[in-house]
Amino acid sequence: MKLLKYISRILAVYLVLVMVACETGFDDLNTNPNATESTTPESVMPYAMARVAFEVNFQIGFLTTSNWVQHIAESEYPSADQYRSMSAISNIIWDELYFGALKDFKFIEDKSFQIQTETGFNKSNYIAIAKIMKAYTYSVMTDVWGSIPYEEALEGDEEGGSLTPSYDDQETIYNSLLSELEDAVGLIVIEPDENNKPSSEDLIYGGDMGKWLKFANSLQLRMYMHLSKKMPGTYDAKINSLLEDPKALMEKNSENAQLIFSGDAANPVYSRINARPRDFRMSKTLIDMMRGGTEISPDYIDPRLPLFAKKSEEEKDADDNVIYEGGEYIGIHNGMNSIGELKDDADDPLYTMFKSSKVGDAQGSANSPAILMTYSEVLFIKAELAAKNGSAEAQELYENAVKASMEQFGVEDQAAIDNFLDHPNFNYEQAEKPLQLIGEQKWVALYGNWVEAFSNWRRTGFPELQAASTNFTSGVIPRRFTYPTLENSTNGSNYSSAISAQGGADLIDRVWWDAE
């Protein structure tokens with residue numbers, strides 16, 4: 001209870017700062033409190049974690065990539081959903097992660113090392129957490145932007161540091177981050193003394209360093225899978241080393257890397273959909289997949305559906321006569337033209353905004369978690385690798401991955417889970433294309449972890465998505481974020497060089513590992 005109250009206070013302060021920043025600009029807020037000598041790693045850590053949770057899961061995730069992977073659809077003011085310019089949100093995310101979270105984690109790492117040097121007190125766990133969170137944050141940033149400032153970043157206020165950092169290519173960044181994660185694992189002390197034992201300031205694991213170790217290793221596994229698209233076989237030895245250690249990776253849902261919102265600091269998805277209830281609905285693509293087909297029916301196959309989505313609501317006319325009874329799980333097409341109208345279904349009342357499913361409690365409740373990585377994701381990776389190698393273990397791993405996802409989202413009906421796995425559409429033994437089945441079910445399981453759902457879709461091509469019905473990219477689903485416009489004005493030479501080196505940086509261009 002004490003931890004939940006602590007999280008609530010920290011997130012409430014951070015969310016207020018974000019709202020103020022949107023009104024006044026980020027320059028004033030980017031003056032880090034960690035610049036003072038009296039600030040401690042313990043006091044900075046929760047703010048840094050809250051920033052990451054907000055920017056990655058809400059701004060990058062819910063507001064943007066959830067639309068691109070067709071879990072969520074914008075129903076009133078479609079922007080991301082129609083692949084429009086995203087320069088404004090890129091500016092905010094870039095500033096908040098570079099001048100906020102990453103700067104804070106660098107302070108935690110540097111200050112902990114300073115304390116350790118000056119006092120002799122071991123602070124290796126604080127250094128390890130900072131390294132892991134820096135690696136996670138940078139991995140998300142390079143996954144959506146490709147080349148970004150890395151080696152010269154975060155040094156603008158230091159002697160000799162550059163205010164116009166050069167961009168590093170994605171291969172260089174990935175190799176460095178993987179090395180940083182290995183270093184972090186080597187620093188972790190599972191049973192530390194009191195000076196080296198994080199507690200309530202750690203909003204993700206509450207100071208459980210065994211879980212941090214597994215997150216660091218599991219994150220490496222994810223990153224090696226991303227690289228496997230560009231460089232198949234190159235990292236097999238590294239992947240096998242992680243798989244062969246029975247205690248290296250996440251083994252249960254209690255080890256999921258996530259930040260749970262609570263108290264006065266509600267999940268920002270919940271806050272947004274309640275403040276603007278007309279803005280978002282569930283995507284038809286996801287709803288149809290979970291129903292087991294495209295028939296309009298109140299029945300469903302996937303027992304996670306009532307947790308992901310709400311049933312459509314009753315509608316009455318001006319005379320209070322019921323004209324639509326509601327009670328169905330119905331998604332809307334991504335890329336709607338306007339309120340209640342779709343390009344290809346304008347005359348079908350079942351596809352209007354007012355007769356469709358709102359976001360459910362899995363991500364739409366006040367205490368829904370910000371998800372960084374889960375046990376089910378690890379199992380789906382193992383299932384994919386086993387299937388590619390023709391291993392008989394692939395089926396069991398797939399089924400365990402689905403079960404882990406069900407448990408993660410609160411499904412308790414074992415019979416319903418068994419019925420789902422026996423359904424012809426989801427049964428591994430009946431699958432004509434096992435890798436497609438694994439990819440599609442991983443896509444469902446990554447609900448709420450939208451940035452990784454986006455990366456995994458780019459890597460595997462599953463599910464086979466169609467572009468939004470109305471779009472501004474000539475029918476191509478985005479494959480990256482565009483750079484912040486501020487970079488062009490403040491770091492123009494390096495910005496232009498980075499774009500040229502990548503062959504372009506429009507929404508439909510690809511980052512380095514996303515090879516065709």
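One can find the structure itself at the top, above this paragraph.
In this text, all values refer to a predicted model and were calculated from it rather than measured experimentally. (Residues numbered from 1 in each chain as written. Predicted model: local features only at pLDDT ≥ 70, side-chain atom pairs only at ≥ 80, totals over all residues. Heavy atoms only, no water.)

As a further point, take the overall build of the chain. Helix and strand content of the chain: 18 helices and eight strands. Residue burial in the chain is summarised as follows: out of 516 residues, 58% are buried. (Helix = DSSP H or I, 4+ residues; strand = E, 2+ residues; numbered from the N terminus. Buried < 20%, exposed > 50% of the residue type's maximum accessible area, 1.4 Å probe, protein only.)

Here the focus is helix 14 (residues 414-422). By the burial criterion, the buried members of helix 14 are A416, I417, F420 and L421. Buried residues in helix 14, looked at end-on, bunch into an arc of 135°, giving them a common side. Within helix 14, the exposed residues directed more than 90 degrees away from the buried face are N419 and D422. (Arc of directions from axis to C-beta.)

Before going further, it helps to examine empty space enclosed by the protein. A complete count under the given rule lists two cavities of 30 Å³ or more for this structure. For the largest cavity, the full set of lining residues is A53, N57, F58, F261, N267, P268, V269, Q363, P369, A370 and W450. Of all the secondary-structure elements, those providing two or more residues to the lining of the largest cavity are helix 2 (41-68), helix 8 (268-275) and strand 8 (369-373). Across the lining of the largest cavity, the residue classes tally to eight nonpolar, three polar and no charged. (1 Å grid on protein atoms, 1.4 Å probe; cavity = no way out; pocket = protein on both sides within 12 Å on 5 of 7 lines; lining within 4 Å. Points joined across faces, edges and corners; volume = space filled by probe spheres on them. Nonpolar A, V, L, I, M, F, W, Y, C, P; charged D, E, K, R; others polar.)

Bringing the pattern of salt bridges into the picture now. Enumeration according to the criterion identifies 29 salt bridges in this entry. We note a salt bridge from K106 to D110, for which the minimum N-O separation is 2.8 Å. In this pair, K106 and D110 both sit in helix 3 (residues 87-119), four residues apart, roughly one turn of the helix. Judged by relative accessible area, K106 falls into the buried class, the value being 16%. (Salt bridge = Lys/Arg side-chain N within 4 Å of Asp/Glu carboxyl O.)

It is at 9 Å that the axes of helix 5 (residues 170-187) and helix 6 (residues 209-230) come closest, and there the two elements cross at 160°. Relative to helix 6, helix 5 is oriented roughly antiparallel. Handedness of the crossing formed by helix 5 with helix 6: left-handed. Contacts between helix 5 and helix 6 involve Y174, L177, L178, L181, E182 and V185 from the first element and L213, A216, N217, L219, Q220, M223, Y224, H226 and L227 from the second. Its residues placed into classes, the contact of helix 5 with helix 6 shows eleven nonpolar, three polar and one charged. (Axes fitted to C-alpha atoms, helices over the stretch in contact; angles between N-to-C directions. Parallel < 35°, antiparallel > 145°, perpendicular 65-115°, else oblique. Left-handed = near helix turned anticlockwise from the far one by under 90°. Contact = heavy atoms within 4.5 Å.)

F62, W212, F215, Y398 and Y447 are the most contacted members of the largest nonpolar core, which has 138 residues in total. Residue contacts for Y398: discarding those within four places in its chain leaves F380, A383, L421, F426, Y428, L437, I438 and Q441. (Core = buried A, V, L, I, M, F, W, Y, C linked by side-chain atoms within 4.5 Å.)

Attention now goes to the packing of helix 9 (residues 284-291) against helix 15 (residues 434-445). Packed helix pairs are characterised by how far apart their axes lie and by the angle those axes make with each other. It is the contact of helix 9 with helix 15, at a shortest axis distance of 11 Å, that shows an interaxial angle of 115°. As helix 9 packs across helix 15, the resulting crossing turns out to be left-handed. Contact residues: T285, L286, M289 and M290 in helix 9; E440, W443 and V444 in helix 15. Across the contact of helix 9 with helix 15, the residue classes tally to five nonpolar, one polar and one charged.

Counted under the stated rule, the structure contains 26 aromatic pairs. Aromatic side chains F380 and Y398 sit 6.5 Å apart centroid to centroid with 70° between the ring planes, which places their arrangement in the edge-to-face category. In this pair, F380 is assigned in helix 12 (residues 375-388) and Y398 in helix 13 (residues 394-408), connecting sequence segments 18 residues apart. Look at F380 and you get buried, because its relative accessible area is 0%. Judged by its relative accessible area of 0%, Y398 falls in the buried class. Both rings, one in F454 and one in W457, keep their centres 6.5 Å apart while their planes meet at 20°; by these two values the pair is stacked. (Phe/Tyr/Trp six-rings, centres within 6.5 Å; stacked < 30°, edge-to-face > 60°.)

Our next topic: the side chain of N491. Of note, N491 is situated in the loop between helix 17 (485-490) and helix 18 (492-502). Of note is the side chain of N491, whose polar atom sits 2.9 Å from the backbone oxygen of P165. Excluding anything up to four places from it in sequence, N491 contacts T164, P165, Y167 and L486. (Polar contact = N/O pair within 3.5 Å; in protein donor to acceptor, adjacent residues only side chain to side chain.)

On to helix 9, then. Most of helix 9 sits out of view: seven of its eight residues are buried. Residues of helix 9 that are buried include every one of K284, L286, I287, D288, M289, M290 and R291, and no others. At its buried positions, helix 9 is contacted by strand 5 (280-282), helix 10 (305-308) and helix 15. N-cap assignment for helix 9: the residue whose side-chain oxygen lies 3.2 Å from the backbone N of T285 is S283.

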